[in-house]
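Observations on chain architecture
Each chain, written out:
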Amino acid sequence: APREGRVALEALLGRLEASCAQWPLQGGKFGRNVWVLKPGTNSKGSGVECMNMLPELLHNGETMPNRIVQKYIERPLLLFSGRKFDIRQWVLVTS
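Described in the following lines is the structure provided in the data block. Remember, it's a predicted structure, so these values are computed and weren't measured experimentally. (Residues numbered from 1 in each chain as written. Predicted model: local features only at pLDDT ≥ 70, side-chain atom pairs only at ≥ 80, totals over all residues. Heavy atoms only, no water.)

This part covers the pattern of salt bridges. Under the counting rule described, the total for this entry stands at two salt bridges. Of the charged contacts in the structure, one is a salt bridge between Glu-10 and Arg-6, with a shortest N-O distance of 3.2 Å. Of this pair, Glu-10 and Arg-6 both sit in helix 1 (residues 2-19), four residues apart, which is roughly one turn of that helix. Exposure remark for Glu-10: the relative accessible area of 44% places this residue in the partly exposed category. (Salt bridge = Lys/Arg side-chain N within 4 Å of Asp/Glu carboxyl O. Helix = DSSP H or I, 4+ residues; strand = E, 2+ residues; numbered from the N terminus. Buried < 20%, exposed > 50% of the residue type's maximum accessible area, 1.4 Å probe, protein only.)

Spelled out as structure tokens, the structure:
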């Protein structure tokens, strides 16, 4: 039974990868995302932490309110002059 379960999971994973163009950006099957947690009230990099495990990320969010969470972008899109830029999107989560 474990062999059949693994085969079924791999087939499902293949379907997910084929249907989601952003799959590699989500960390792929290894889940190697890096998330940057920033305090909402500090500045100049004070209190910034990097995490890659969802339980750790959620625990920090519960114990320390007023946090900003950002996905670390490994290969950012650069302007013609080789400079990075950002587009900011704000989301309010109420529950």
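From this point, the narrative continues.
Our next topic: the sheet that holds strand 3 (residues 67-71). The sheet built from three strands is open, its strands ordered 2-1-3 with antiparallel pairing. The two strands at the open ends of the sheet, each matched to only one other strand, are strand 2 (49-51) and strand 3. Along the sheet, successive strands turn relative to each other by an average axial angle of 25°, direction set aside. Note: strand 1 (residues 35-39) against strand 2, three bridges, orientation antiparallel. Along strand 2, the bridge assignment pairs Trp-35 with Met-51. (Pairing = 2+ DSSP bridges. Axes fitted to C-alpha atoms, helices over the stretch in contact; angles between N-to-C directions.)

Right, let's talk about the layout of surface pockets for a bit. Empty space among the atoms becomes apparent when a probe as large as a water molecule is rolled across them. Estimated volume of the largest pocket: approximately 1200 Å³. Around the largest pocket, the lining is made up of 21 residues, and of these Val-69, Gln-70, Lys-71, Ile-87 and Arg-88 lie nearest the centre. Of all the secondary structure elements, the ones that give two or more residues to the lining of the largest pocket are strand 1 and strand 3. With five residues, the single largest contributor to the lining of the largest pocket is strand 3. Residues of the lining of the largest pocket, tallied by class, amount to 13 nonpolar, two polar and six charged. (1 Å grid on protein atoms, 1.4 Å probe; cavity = no way out; pocket = protein on both sides within 12 Å on 5 of 7 lines; lining within 4 Å. Points joined across faces, edges and corners; volume = space filled by probe spheres on them. Nonpolar A, V, L, I, M, F, W, Y, C, P; charged D, E, K, R; others polar.)

With that settled, consider the pairing of strand 1. Examined bridge by bridge, strand 1 and strand 3 share five bridges and lie antiparallel to one another. From the neighbouring strand, Val-36 faces strand 3, where its bridge partner is Gln-70.

Moving on: the side chain of Arg-67. Take Arg-67: it is sitting in strand 3. Side chain to side chain, Arg-67 and Glu-49 meet in a polar contact 3.2 Å long. (Polar contact = N/O pair within 3.5 Å; in protein donor to acceptor, adjacent residues only side chain to side chain.)

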